Amino acid sequence: EAPLFSKENQERYYTHSLISSPLTLEDKVLGVINVNNKKSREGYTKDDLSFLEGIASQAAIAIRNAQLHTDLQASYIDSIRAITKALEARDPYSYGHSNNVTDLARSIAEELGLSSGEKENIINAGLLHDVGKIAISDAILLKPDRLTQTEWEIIREHPRRGKDILEPLGFLKETVPIVCHHHERYDGQGYPGRLKGEEIPLGARILAVADSYDAMSSNRPYRNRLSEEECIRELKKSAGKQLDPRIVEAFLRVLEKKTS
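Keep in mind that this is a model prediction, so the values were computed, not measured.

### Things to note about the confidence of the model for the protein
Averaged over all residues, the pLDDT of the protein equals 88, while 92% of them reach at least 70. For the protein, the element scoring lowest by mean pLDDT is helix α1 (residues 46-90), at 83; helix α7 (residues 176-180) scores highest, at 97.

Written out as structure tokens, the structure reads:
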């Protein structure tokens, strides 16, 4: 009854022999495995079917384990995102910041034509980049006045704290360097590693532009948000100093597309 073998099918399917076995686990069908054209050109036997069923059983277990692994990873990320949201809820001025940065960073990554894997790492980093601030007291994090030098040093520790929180999660190993270095400067005057230019991971350079724009375009206790024109002017001034000029250009193209 399979359409593959119906006369109406336009596609020609040449086979001398075919054997199939469902991929089942706990009475649930996950898929099917098909084998055709036995090398001997003979028909398949019951022994062949038994062998294929054994392979199908092992494959079903492997697929299910992979699904569980993926679900576990998603649970870890959801838990950390919940912590980040709780952190942002402490400060009404930064609420939604991580989502905003993530959306902007995703747009830049797409503009640069990055691979799906690179985009996924950048998206995860955008969502989790400030998780290290969970270790900073409200007295410093929410202080409306100018921070002291000591308080600034504590704030500057949050990328390393984020790295320490995320590093045990092996599946985030490509995300951790982005989180750790998103406050580096293109001229080498940033933190925590004082990396310069191409030494800074590409994802971190992208995040730096997205983070800067969202910070400038949002209200803060010490100033009102800047207009889009003012933000663009500041980004251009920062290109080659704080920010990677190539990333700034890509982001400006993103903004232009959004307004056109």
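### Quick notes on the nonpolar core
Formed by 39 residues in total, the largest nonpolar core has its most connected members in L166, L235 and F251. The set of elements that each furnish at least two residues to this core consists of α1, α2 (97-111), α3 (116-128), α7, α8 (202-216), α9 (228-238) and α10 (245-259). In terms of residue count, α8 provides more of this core than any other element does, 8 residues in total. With near-sequence residues (within four places) excluded, L166 lies in contact with I80, L128, V131, L172, V176 and V179. In terms of nonpolar packing, the next biggest core, distinct from the first, is built from 6 residues, L87, I140, L147 and I155 among them.

### Thoughts on a nonpolar patch on the surface
A cluster of nonpolar side chains, I83, I134 and I165, forms an exposed patch at the surface whose accessible area comes to about 220 Å². One can find I83 in helix α1.

### A look at the packing of α2 against α3
Between α2 and α3, whose axes approach to 8 Å, the crossing angle comes to 160 degrees. Overall, the two elements α2 and α3 adopt an arrangement that is roughly antiparallel. Judged by the twist between their axes, the crossing of α2 over α3 is right-handed. In this structure, α2 uses S98, N99, T102, A105, R106, A109 and E110 to contact α3, whose residues at the interface are K119, I122, I123, G126 and L127. Residues belonging to the contact of α2 with α3 are distributed by class as follows: 5 nonpolar, 4 polar and 3 charged.

### Some points on the pairing of strand β2 (residues 28-36)
As judged from the 8 bridges shared by strand β1 (residues 18-25) and β2, these two strands associate in the antiparallel manner. In the strand pairing of β2, T24 is matched with V29. In this antiparallel pair of consecutive strands, β1 and β2, the connection spans 2 residues, and E26 shows a positive phi of 55 degrees.

### A few points about the packing of aromatic side chains
Here the structure, examined in full by the defined rule, presents 1 aromatic pair. Ring geometry for Y213 versus F251: centroids 4.9 Å apart, planes at 70 degrees, classification edge-to-face. Residue Y213 is located in helix α8, and its partner F251 is located in helix α10; the two are separated by 38 residues in the primary sequence.

### Some thoughts on the side chain of S107
Mapped onto the secondary structure, S107 falls in helix α2. In this structure S107 comes out as buried when scored by relative accessible area, which is 18%. From its side chain, S107 meets the backbone oxygen of D103 in a polar contact 3.1 Å long. The contact partners of S107, leaving out residues within four places of it in the chain, are V254 and K258.

### Examining the pattern of salt bridges
Scanning the entire structure with this criterion turns up 12 salt bridges. In this structure, K38 engages D48 in a salt bridge whose closest nitrogen and oxygen atoms are separated by 2.7 Å. One end of the pair, K38, is in the loop between β2 and α1; the other, D48, is in helix α1, with 10 residues separating them in the sequence. Note that D187 is salt-bridged to R185, the shortest N-O span being 3.0 Å. What makes R185 partly exposed here is its relative accessible area of 26%. When salt bridges that share partners are traced, they join E111, R253 and K257 into one network.

### Some details on the environment of D214
Considering the arrangement of structural elements, one finds D214 in helix α8. Taking C-alpha positions, D214 is 20 Å from W152, a pair spaced 62 residues apart along the chain. When neighbours within four sequence positions are excluded, D214 is seen to be in contact with H97, N100, V101 and L104.

### Some remarks on α10
Over its 15 residues, α10 extends 21 Å from the first C-alpha to the last, a length consistent with the 21 Å expected when each residue adds 1.5 Å. Along α10, the residues that are buried comprise I247, V248, A250, F251, L252, V254 and L255. Residues of α10 that are buried make contact with α2, α8 and α9. The N-terminus of α10 is capped by D244, whose side-chain oxygen sits 2.9 Å from the backbone nitrogen of R246.

How each quantity is defined
Residues numbered from 1 in each chain as written. Predicted model: local features only at pLDDT ≥ 70, side-chain atom pairs only at ≥ 80, totals over all residues. Heavy atoms only, no water. pLDDT = per-residue confidence, 0-100. Helix = DSSP H or I, 4+ residues; strand = E, 2+ residues; numbered from the N terminus. Core = buried A, V, L, I, M, F, W, Y, C linked by side-chain atoms within 4.5 Å. Buried < 20%, exposed > 50% of the residue type's maximum accessible area, 1.4 Å probe, protein only. Contact = heavy atoms within 4.5 Å. Patch = residues over 30% accessible without salt bridge, like charges linked within 9 Å, V, L, I, M, F, W, Y side chains within 5 Å. Areas by Shrake-Rupley, 256 points an atom, 1.4 Å probe, with all protein chains shown as cover. Salt bridge = Lys/Arg side-chain N within 4 Å of Asp/Glu carboxyl O. Axes fitted to C-alpha atoms, helices over the stretch in contact; angles between N-to-C directions. Parallel < 35°, antiparallel > 145°, perpendicular 65-115°, else oblique. Left-handed = near helix turned anticlockwise from the far one by under 90°. Nonpolar A, V, L, I, M, F, W, Y, C, P; charged D, E, K, R; others polar. Pairing = 2+ DSSP bridges. Phe/Tyr/Trp six-rings, centres within 6.5 Å; stacked < 30°, edge-to-face > 60°. Polar contact = N/O pair within 3.5 Å; in protein donor to acceptor, adjacent residues only side chain to side chain. Expected span 1.5 Å × (residues − 1).

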